Amino acid sequence: MKTHEFMRLAIASARRGYRKGWGGPFGACIAKEGRVLAVAHNSVLHARQATRHAEICAIEEASKRLKTHQLAGCELYSTTEPCVMCFAAINWARIGRIFFGTSIADAKKLTKTSTGQWGYVEEPTGGGMNYSIQSAMFQYGVQLANASSGK
């Protein structure tokens, strides 16, 4: 498989996760030598566990599959730049390369405003995979805004 195919798996997983209401629109895929080891999405809300980020879930799945915590030679594909917690786990797992679609700054567009309401900055424009990821994040922001306003 090629890099963009691994990222597409991460995007598809992110979409599945937020459609199920399991958490934010974040997905991850771990591959080694061109083969998929794990694909996961955010499950923070479903598990009621703050550390159930897509990258952490994918690392756990890949580690189980390889029967080791050392994932040297693996690559991680994430829909969004890993947070500090996930980056630390990636480092401890010895994953050699990270590919991500959007930056943490993009993800911060989906934060609570000073009034406590969920908000977003603007609808994404452009094209390609980055657009697909931003579009998923935008849709998630709209869902959160509607839920908090009772719509």
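Since the model is a prediction, treat every value here as computed from it, not as a measurement.

Cut-offs applied
- Residues numbered from 1 in each chain as written.
- Predicted model: local features only at pLDDT ≥ 70, side-chain atom pairs only at ≥ 80, totals over all residues.
- Heavy atoms only, no water.
- Phe/Tyr/Trp six-rings, centres within 6.5 Å; stacked < 30°, edge-to-face > 60°.
- Helix = DSSP H or I, 4+ residues; strand = E, 2+ residues; numbered from the N terminus.
- Buried < 20%, exposed > 50% of the residue type's maximum accessible area, 1.4 Å probe, protein only.
- Expected span 1.5 Å × (residues − 1).
- Contact = heavy atoms within 4.5 Å.
- Salt bridge = Lys/Arg side-chain N within 4 Å of Asp/Glu carboxyl O.
- Pairing = 2+ DSSP bridges.
- Axes fitted to C-alpha atoms, helices over the stretch in contact; angles between N-to-C directions.
- pLDDT = per-residue confidence, 0-100.

1. Some points on the packing of aromatic side chains
- Scanning all chains against the criterion turns up two aromatic pairs.
- Residues Y77 and F99 carry aromatic rings whose centres are separated by 4.8 Å and whose planes lie at 5° to one another, so their mutual orientation is stacked. Of this pair, Y77 sits in strand β3 (residues 74-80) while F99 sits in strand β4 (residues 97-102); the two residues are 22 residues apart in sequence, bridging distant segments of the chain.
- Overall, Y77 belongs to the buried group, its relative accessible area being 1%.
- For F99, a relative accessible area of 21% puts it in the partly exposed group.
- Through a chain of ring-to-ring contacts, the aromatic side chains of F6, Y77 and F99 assemble into a single cluster.

2. Quick notes on helix α3 (residues 54-66)
- With 13 residues, α3 extends 18 Å from end C-alpha to end C-alpha; this agrees with the ideal 18 Å at 1.5 Å per step.
- Every buried residue of α3 is accounted for by A54, E55, I56, C57, A58, I59, A62 and S63.
- Those residues of α3 that are buried lie in contact with β1 (27-32), β2 (35-41), β3 and α4 (84-92).
- Within two residues after α3, K67 carries a phi angle of roughly 60°, on the positive side.

3. Thoughts on the pattern of salt bridges
- Taken as a whole and assessed by the stated rule, the structure comprises two salt bridges.
- For E60, the salt bridge goes to R52, with nearest N and O atoms at 2.9 Å.
- E75 is the partner of R97 in a salt bridge, and the nearest nitrogen-oxygen pair spans 3.3 Å. Of this pair, R97 sits in strand β4 while E75 sits in strand β3; the two residues are 22 residues apart in sequence, bridging distant segments of the chain.

4. Focus on the sheet that holds β1
- Read across the sheet, four strands follow the order β2-β1-β3-β4 without closing on themselves; strand pairing throughout is mixed. If you trace the sheet from one side to the other, it starts and ends with β2 and β4, each paired once. Taking the axes of each pair of neighbouring strands and ignoring which way they run, one obtains an average angle of 15° across the sheet.
- Relative to β2, β1 is paired through six bridges, and the arrangement is antiparallel. Each bridged residue has a counterpart across the sheet, and for G27 the counterpart in β2 is H41.
- Against the sheet, helix α1 (residues 3-19) touches β1, β2, β3 and β4, its axis set at about 25° to β2.

5. Some details on the confidence of the model for the chain
- This prediction gives the chain a mean pLDDT of 80; 71% of its residues lie at or above 70.
- Counting interchain partners and residues more than four positions distant, the pLDDT-below-50 stretch residues 111-128 has 28 contacts.

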